[in-house]
Amino acid sequence: MERFNFQVIEKKWQKKLLKKKLYNKDGKKFYCLEMFPYPSGKIHMGHVRNYTIGDVIARFKYLKGFNVLHPMGWDAFGLPAENASKINNLHPKDWTDDNIKTMKSQLKLLGLSIDWDHEISTCDKNYYKHQQELFIDFFNCGLVSRRETYVNWDPVEQTVLANEQVVNGRGWRSNAIVERKKLSQWFFNITKFIQPLLDDLNKLDGWPEKVKLMQKNWIGKSFGCEINFNFSNQKEKIKVFTTRPDTIFGASFIAISSDHPLSKKFEKDKDFQIFKKECSKTGTTEEALANAEKLGFNTNLFADHPFLKNNKIPVFFANFVLMDYGTGAIFGCPAHDQRDFDFAKKYKLNIIKVVSDGKNNVLNEAYTGNGKIINSDFLNDLDVVAAKEKIIKEIEKKGIGKKKTLYRLKDWGISRQRYWGCPIPMIYLEDGSVVPVDKSELPIILPEDVDLNSKGNPLETHPKWKNTVQKSTGKKAIRETDTLDTFVDSSWYFLRFCSPDYKLGPFDEEKVKYWMPVDQYIGGIEHAILHLLYSRFFTKGINSFNKKINIPEPFKNLFTQGMVCHETYKDKKGNWLYPEEIKKTSKGLTVRKNNDQEVIVGPSESMSKSKKNTVDPETMINQYGADSVRWFILSDSPPEKDVQWSDTGVASSNKFLQKIWNLNIQIISRKEQGINEEMTRKFNAEIDILANKIDRSIEEFKFNVTIAHFYEIYKVFNKFLSLQVSNISMTNNIIKAMKLMMPFTPHLSNECLEKLACKSINKWPEIKSEDLGEIKFAIQVNGKTRDIISVKNDITQQEVNEIVNENSKAKKFIENRQIFKTIFVKNKIINYIIK
């Protein structure tokens, strides 16, 4: 039997596939896009999975007649390049360009259907010129502002971080403890679109519910009220904001920001200045404020409780209150807020329980659950919701406050004190005004002769670059030396992909109107807030000043793939080891290859260069072939779940594809032994049933299920190969099978179809659904259709329930919900009524 030589055949088809575009000009458009990568050096298995998933969908749609755009680009600015250049004594641009070449060559080995003619790189001046143009447009329509504020300062990277870039109080890249620092910063005024960003989540039916919930929680709409407290024996008032006015009878202190206007009274107090300095060691995120040790400074001032006569409430400055939240002042109710509880314990303040949990009044921690109001005069015995409504009415009735809506989301700080980023196109004039540069001067190009070892921002210390003149007046000016946060670069690249060579603006409006929104976007759940929220804001911002396009949301459908995981290994000294440095012995031990010393095997975790639990895709491709790697990465688990990497799994995939190759050779050389019409009809029917299942499972992103069906197809062929089935039928069906495999194994499929003399290689096979004894069945929740499934005739209610609970799109709408009633109409619908 002729062996499938994947090295030769894949090399042959890689060249041909690279020239192929997925354009069916008369077909309906389909824009398929994966989140573009940071060029860090080499691709990893996470890249392989992400781009293989996208490739399957892009090829599938193309073969079905769609006009497909499937581009690729590079998120090429960023501090890692700047840090690497210091270590390697190489300019960031050279380091980045070298990495792009490496990663591009590796991606090409996978046989991806990427249109490299649409390639973009964010560090290319032809890209960031238009980004600067968009910045000026945003500035001119009031979507950019500059103001002094406290920011998250990374002391290691010496740059500002957005709240979203602070994880557990540490910088997302450096892992350094983030500090609070006051700086003049540029902001995108994302809060101007805060309600549309929240409301339009309801229109994104093609997005995972968990991603929409994450964005909803990050935007964080909350209702509360402002209350004016009178200072005891003084005319002044202090305004506080609270989301829990129902707990006002439990208030035992007022906490204010160290930047509150009241702080001016303590400017000469040395102890206060020491306290204020300590506050700067706490970041600005909610997480940092919650986890930091609670610090307070007693003002020795008191406020009158608005509902309890002769009740004096002490006023403290506190490190967990910021001026940019509410009014910069809160009342503390220690019994029902953990931060307040910790503060009260430290400073020996009263803890008054005002919401009952049905237990005694002694608390070891704050009780934040629901219950009946107690110890609260006219609010007693009300539940929390009713108590909130009543107390707000009383506050408004007394004229001491008002109901207010607050959001967690703040304006997006975009200033970064680094070199390798897009220059902000603003200049400072001698009269103190700050204005955009003239668009005719764009792009503002980064200087190449910089000292990256200088402290702080290299652009700030450059001898010439920042000195310029205003073009319209000839007046001397200073350039802005901060560069843009790299998330700006990735907030509009999907628009540039529509016309990457367009020179008259950021994008050709006609092309954008044709291709946008992106029909299928694919990327990791880790970008649910940062990248996706910013992209949505950018799209809405552009819509506000460009009336020629109307694209309220950038991504119609979103798929978040799981991680690729691998065991971790350490030597006895705690040093991480690469998988290729270890071996498994016959006794079941894991040891180092070079000295046979036993290795500590850690849990399987997402592949990470820092933990060295990575597998080089190029090595795997050279050993088993690109199609085998693609096949395994999609076969092991559902694409939205994590996949456990296994060398033996790839080897098994290679063996199966060899069987498919052998099957093709057998059919090509098969001699007919008579024809049994009934046998041939039965063979055709079994293949048609599986073809229908494959078609449906690809559409539903169930690629591991699809691959399981291919194993079934192989068994069907083997069962009928020696029986009296016509050669024509056998050949037609193997052609159909190879076309169905095309999105998964493009090299093998193309080679087999060429050998089979197939004349319509680039066309999806006809899927016969009408002869399969199946019907379309609607799954409804509260009367709204959440899924349409294909099922057999006369299916029972119990069988439908099993399908819904196993793999229906409707599952997420009823999971962990109480179903009060189920309406089942045979062969038509099932309707779950939930609360």
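Refer to the structure printed above.
What counts, and where the lines are drawn
- Residues numbered from 1 in each chain as written.
- Predicted model: local features only at pLDDT ≥ 70, side-chain atom pairs only at ≥ 80, totals over all residues.
- Heavy atoms only, no water.
- Patch = residues over 30% accessible without salt bridge, like charges linked within 9 Å, V, L, I, M, F, W, Y side chains within 5 Å.
- Areas by Shrake-Rupley, 256 points an atom, 1.4 Å probe, with all protein chains shown as cover.
- Salt bridge = Lys/Arg side-chain N within 4 Å of Asp/Glu carboxyl O.
- Lys, Arg positive; Asp, Glu negative; His and termini not counted.
- Charge placed at Lys NZ, Arg CZ, Asp CG, Glu CD.
- Helix = DSSP H or I, 4+ residues; strand = E, 2+ residues; numbered from the N terminus.
- Buried < 20%, exposed > 50% of the residue type's maximum accessible area, 1.4 Å probe, protein only.
- Phe/Tyr/Trp six-rings, centres within 6.5 Å; stacked < 30°, edge-to-face > 60°.
- Lys NZ or Arg CZ within 6 Å of the ring centre and 35° of its normal.
- Pairing = 2+ DSSP bridges.
- Contact = heavy atoms within 4.5 Å.
- Axes fitted to C-alpha atoms, helices over the stretch in contact; angles between N-to-C directions.

Brief notes about a negative patch on the surface
Moving on, step 1. Together, Asp94, Asp98, Glu448 and Asp449 make up a region of like negative charge exposed at the surface.
Moving on, step 2. If you trace the backbone, aspartate 98 turns up in helix α4 (residues 92-109).
Moving on, step 3. Accessibility expressed as a relative area gives 40% for aspartate 98, which makes it partly exposed.

Structural notes on the packing of aromatic side chains
Moving on, step 1. Counted by the stated rule, this structure contains 59 aromatic pairs.
Moving on, step 2. A ring pair is formed by phenylalanine 188 and phenylalanine 538, whose centres lie 5.4 Å apart and whose planes are at 90°; its orientation type is edge-to-face. Placement of phenylalanine 188 in strand β9 (residues 179-188) and of phenylalanine 538 in helix α16 (residues 530-545) is noted, with a sequence separation of 350 residues between them.
Moving on, step 3. A centroid spacing of 5.7 Å and a plane angle of 80° characterise the contact between phenylalanine 249 and phenylalanine 378, whose relative ring orientation is edge-to-face. Linking phenylalanine 249 in the loop between β11 (237-242) and β12 (253-256) with phenylalanine 378 in the loop between α10 (338-346) and α11 (384-398), this pair joins segments that are 129 residues apart in sequence.
Moving on, step 4. Overall, the relative accessible area of 4% leaves phenylalanine 249 in the buried class.
Moving on, step 5. The ring of tryptophan 153 carries the charged tip of lysine 181 above its face, separated from the ring centre by 3.9 Å.
Moving on, step 6. It is arginine 408 that lies over the ring of tryptophan 218; its NZ or CZ is 4.0 Å from the centre.

Section: unusual backbone geometry
Moving on, step 1. The omega angle of the peptide bond from leucine 442 to proline 443 is 5°, so this bond is cis rather than trans.
Moving on, step 2. Cis geometry is adopted by the peptide bond preceding proline 517, which originates at methionine 516 and carries an omega value of 0°.
Moving on, step 3. Tracing the sequence through the fold places proline 517 in the loop between α15 (509-515) and β24 (520-524).
Moving on, step 4. A positive phi angle, close to 55°, is found at lysine 348, a residue other than glycine.
Moving on, step 5. Relative to the assigned elements, lysine 348 resides in the loop between α10 and α11.
Moving on, step 6. In the Ramachandran plot, alanine 757 falls in the positive-phi region, its phi being about 60° despite a non-glycine side chain.
Moving on, step 7. By secondary structure assignment, the location of alanine 757 is in the loop between α23 (746-755) and β32 (774-781).

Brief notes about the sheet that holds β9
Working definition: the strands of a sheet are paired by backbone hydrogen bonds and lie parallel or antiparallel to each other.
Moving on, step 1. If you trace the 4 strands from one edge of the open sheet to the other, you get β6-β5-β9-β17, paired in antiparallel fashion. Strands with a single pairing partner mark the edges of an open sheet, and in this sheet they are β6 (159-161) and β17 (412-413).
Moving on, step 2. Where strand β5 (residues 144-154) and β9 come together, 10 bridges link them in antiparallel fashion. Across the sheet, the residue bridging to valine 144 is phenylalanine 188, located in β9.

Focus: the environment of leucine 107
Moving on, step 1. Looking at the secondary structure, you find leucine 107 in helix α4.
Moving on, step 2. Leucine 107 gets classed as buried once you look at its relative accessible area, which sits at 1%.
Moving on, step 3. Along the backbone, leucine 107 and histidine 462 are 355 residues apart, and their C-alpha atoms lie at a distance of 38 Å.
Moving on, step 4. If we skip the residues at most four places from it in the chain, leucine 107 touches Ile43, Tyr51, Met72, Trp74, Leu112 and Trp116.

What to know about the pattern of salt bridges
Moving on, step 1. Within the structure shown, the criterion is met by 42 salt bridges.
Moving on, step 2. Between lysine 16 and glutamate 754 there is a salt bridge, with the nearest N and O atoms lying 3.8 Å from each other. Taken together, the residues lysine 16 in helix α1 (residues 6-19) and glutamate 754 in helix α23 connect sequence positions 738 residues apart.
Moving on, step 3. Judged by its relative accessible area of 42%, lysine 16 falls in the partly exposed class.
Moving on, step 4. Among the salt bridges present, the one from glutamate 236 reaches lysine 265, with a minimum N-O distance of 2.7 Å. Residue glutamate 236 is located in the loop between β10 (221-230) and β11, and its partner lysine 265 is located in the loop between β12 and α8 (270-279); the two are separated by 29 residues in the primary sequence.
Moving on, step 5. Exposure remark for glutamate 236: the relative accessible area of 35% places this residue in the partly exposed category.
Moving on, step 6. Among the charged side chains, a network of salt bridges with common partners joins Asp200, Lys203, Arg536, Lys540 and Glu553.

So, the sheet that holds strand β19 (residues 426-429)
Moving on, step 1. Read from one edge of the open sheet, 4 strands run β20-β19-β22-β21, paired in antiparallel fashion. The open sheet terminates on both sides in strands that have one partner only, identified here as β20 (434-436) and β21 (467-469). For this sheet the average axis-to-axis angle between neighbouring strands, irrespective of direction, equals 45°.
Moving on, step 2. Judged from the 3 bridges that link them, β21 and strand β22 (residues 476-479) form a sheet pairing that is antiparallel. By the bridge assignment for β22, threonine 468 is matched with alanine 477.
Moving on, step 3. Sitting on the sheet, helix α5 (residues 125-140) is in contact with β19 and β20, with an inclination near 125° to β20.

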